[in-house]
Amino acid sequence: MTKGNKHTPRREDTEPWYRQFWPWFLIALPGSVVIAGLSTLYIANRYSDDLVVDEYYKDGLAINKELGKQAAAEELGIAAEIKVLGRRAQVRLVGAIAPGDLNLRFSHPLEADRDFKVALAAVAPGLYQSDIPADLSPNWHWILEAPDNAWRVDGSLSATDFIAVTGNSLP
């Protein structure tokens, strides 16, 4: 009398390893992490923010000059109010301003490649305007400078600085 079954057939795998599920599952786990890492690296390089300045030391030295220009504007009593009318910027200035065109720079808060500069022309005493090449939105920074760089006024656009324009008429 025999105890148990001594003649139990052994299971033999007849398929090679590359035709089985588990090896590919175990290879896919680290493989997906490598693909996700490479995708993240591509996104980080392609859509990087321009928050860090490459030449921070030179920019730091230039800040002192810019502060001097702002102080000169304060001494002259120069203040500016900017309104955006569709694709036109309108600047109202008060203070001791020599007649002439002014320079207005707009800079995007995150993307330096969207920054641009326009020349403002006087349309009335203390009122300047220019067409702008791009749409603006709140939080864009602006810098208004004299043509001789003697003074500078800067600020940031808010929602109240935008005036809706219907048709081609401007107020």
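Quantities reported herein were computed from a predicted structural model and do not represent experimental measurements.

### Some details on the sheet that holds strand β3 (residues 102-107)
Next, step 1: Strand order in the open sheet formed by eight strands is β7-β6-β3-β4-β5-β2-β1-β8, and the pairing between neighbours is mixed. Lying at the two open borders of the sheet, with one neighbouring strand each, are β7 (152-156) and β8 (162-163).
Next, step 2: Bridge count between strand β6 (residues 141-145) and β7: five bridges; the pairing is antiparallel. Looking at the pairing, isoleucine 143 lines up with aspartate 154 of β7.

### Regarding the pattern of salt bridges
Next, step 1: The tally for this structure, following the rule as stated, stands at seven salt bridges.
Next, step 2: Of the charged contacts in the structure, one is a salt bridge between lysine 69 and glutamate 145, with a shortest N-O distance of 4.0 Å. One end of the pair, lysine 69, is in helix α2 (residues 56-76); the other, glutamate 145, is in strand β6, and 76 residues separate them in sequence.
Next, step 3: In this structure lysine 69 comes out as buried when scored by relative accessible area, which is 16%.
Next, step 4: Look at glutamate 145 and you get buried, because its relative accessible area is 7%.
Next, step 5: With a shortest N-O distance of 2.8 Å, aspartate 135 and arginine 87 are connected by a salt bridge. A residue pair is termed long-range when its members are at least 10 positions apart, and aspartate 135 in the loop between β5 (127-131) and β6 and arginine 87 in the loop between β1 (79-85) and β2 (88-94) qualify at 48 residues.
Next, step 6: A network of salt bridges, in which partner residues are shared, links Lys69, Arg105 and Glu145.

### Some points on a nonpolar patch on the surface
Next, step 1: Among the surface-exposed residues, Phe21, Trp22, Phe25, Leu26 and Leu29 lie close enough to one another that they form a single nonpolar patch of about 570 Å² accessible area.
Next, step 2: Here leucine 29 shows up in helix α1 (residues 21-46).
Next, step 3: Leucine 29 gets classed as partly exposed once you look at its relative accessible area, which sits at 45%.

### A few points about the confidence of the model for the protein chain
Next, step 1: Per-residue confidence for the protein chain gives a mean pLDDT of 82, with 82% of residues at or over 70.
Next, step 2: Put simply, α2 is where the protein chain has its lowest mean pLDDT, 75, and α1 is where it has its highest, 94.

Parameters and conventions
- Residues numbered from 1 in each chain as written.
- Predicted model: local features only at pLDDT ≥ 70, side-chain atom pairs only at ≥ 80, totals over all residues.
- Heavy atoms only, no water.
- Pairing = 2+ DSSP bridges.
- Helix = DSSP H or I, 4+ residues; strand = E, 2+ residues; numbered from the N terminus.
- Salt bridge = Lys/Arg side-chain N within 4 Å of Asp/Glu carboxyl O.
- Buried < 20%, exposed > 50% of the residue type's maximum accessible area, 1.4 Å probe, protein only.
- Patch = residues over 30% accessible without salt bridge, like charges linked within 9 Å, V, L, I, M, F, W, Y side chains within 5 Å.
- Areas by Shrake-Rupley, 256 points an atom, 1.4 Å probe, with all protein chains shown as cover.
- pLDDT = per-residue confidence, 0-100.

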